[in-house]
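Residues per chain are reported as follows:
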Amino acid sequence: MRFRKIVLASLLIFSSKIHCQQYTLKECIEKGKQNNVIIKLAEQSLQTREKLLQSNKNNNLPKVDFLGGYNYIGVPIKINLQQVKDGIVEGSATQSAASANTVYQQITGNPLPQQVQNVIYQTSKDIISAV
């Protein structure tokens, strides 16, 4: 009976050593890197940022197309008309009032009254500002 217990215990210890796997610390770290979701996401983020950096570098190179166009920046020039909007509105309204005055003078021979010019100016300014 005692002999059977010793044989059974020896067999269990021996079989457990056969089925266990031994890894070095380096292999454990590599397995952890392969199976860790956060590391995979960080690698994808790094690849995306590297491609974005390369794309930004390429946008700063000069570009020449087959029709002879040349663009240094790589992005079409954008003009912000908000900066000059007031000047455009003011000039267009003044021009409208002056044109109305000129037409009135050619028809009647008299200048357009200042009050009417002011109404034309303000109306033109409101319409152009709205657009």
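Residues numbered from 1 in each chain as written. Predicted model: local features only at pLDDT ≥ 70, side-chain atom pairs only at ≥ 80, totals over all residues. Heavy atoms only, no water.

Asker: For this particular structure, what's the right way to read the overall build of the protein chain?
Answerer: Counting its secondary structure elements, the protein chain contains five helices and two strands. Starting at the N terminus and walking to the C terminus, you meet the elements of the protein chain as α-α-α-β-β-α-α. The burial tally for the protein chain puts 6% of its 131 residues in the buried class. Counted over contacts in the protein chain with a minimum sequence separation of 6, partners at least 24 positions apart contribute 33%. Only carbon and sulfur atoms are counted for the fraction: they give 61% of the accessible area of the protein chain, which is about 11900 Å². (Helix = DSSP H or I, 4+ residues; strand = E, 2+ residues; numbered from the N terminus. Buried < 20%, exposed > 50% of the residue type's maximum accessible area, 1.4 Å probe, protein only. Contact = heavy atoms within 4.5 Å. Areas by Shrake-Rupley, 256 points an atom, 1.4 Å probe, with all protein chains shown as cover.)

Asker: How should I be thinking about the side chain of S124 in this particular structure?
Answerer: As for its placement among the helices and strands, S124 is situated in helix α5 (residues 114–130). Accessibility expressed as a relative area gives 13% for S124, which makes it buried. In terms of polar contacts, S124 uses its side chain to reach the backbone carbonyl oxygen of I120, at 2.9 Å. Once residues lying within four places of it in the same chain are set aside, the contact partners of S124 are A93 and S96. (Polar contact = N/O pair within 3.5 Å; in protein donor to acceptor, adjacent residues only side chain to side chain.)

Asker: Sorry if this is basic, but what is going on with helix α4 (residues 85–108) here?
Answerer: Every α-helix carries 3.6 residues per turn, so stepping three or four residues along brings you back to the same face. With 24 residues, α4 extends 35 Å from end C-alpha to end C-alpha; this agrees with the ideal 34 Å at 1.5 Å per step. V89, A93, A97 and N101 are the residues of α4 that are buried. Tucked inside the fold, the buried residues of α4 contact α5. Positive phi shows up at G109, right after α4, with a value of about 85 degrees. (Expected span 1.5 Å × (residues − 1).)

Asker: In this structure, what is going on with a nonpolar patch on the surface? I would like to understand it.
Answerer: Where nonpolar side chains cluster on the molecular surface, the patch consists of I79, L81, V84 and I88 and spans about 400 Å² of accessible area. Mapped onto the secondary structure, V84 falls in the loop between β2 (70–71) and α4. Residue class for V84 comes out partly exposed when judged on its relative accessible area of 41%. (Patch = residues over 30% accessible without salt bridge, like charges linked within 9 Å, V, L, I, M, F, W, Y side chains within 5 Å. Salt bridge = Lys/Arg side-chain N within 4 Å of Asp/Glu carboxyl O.)

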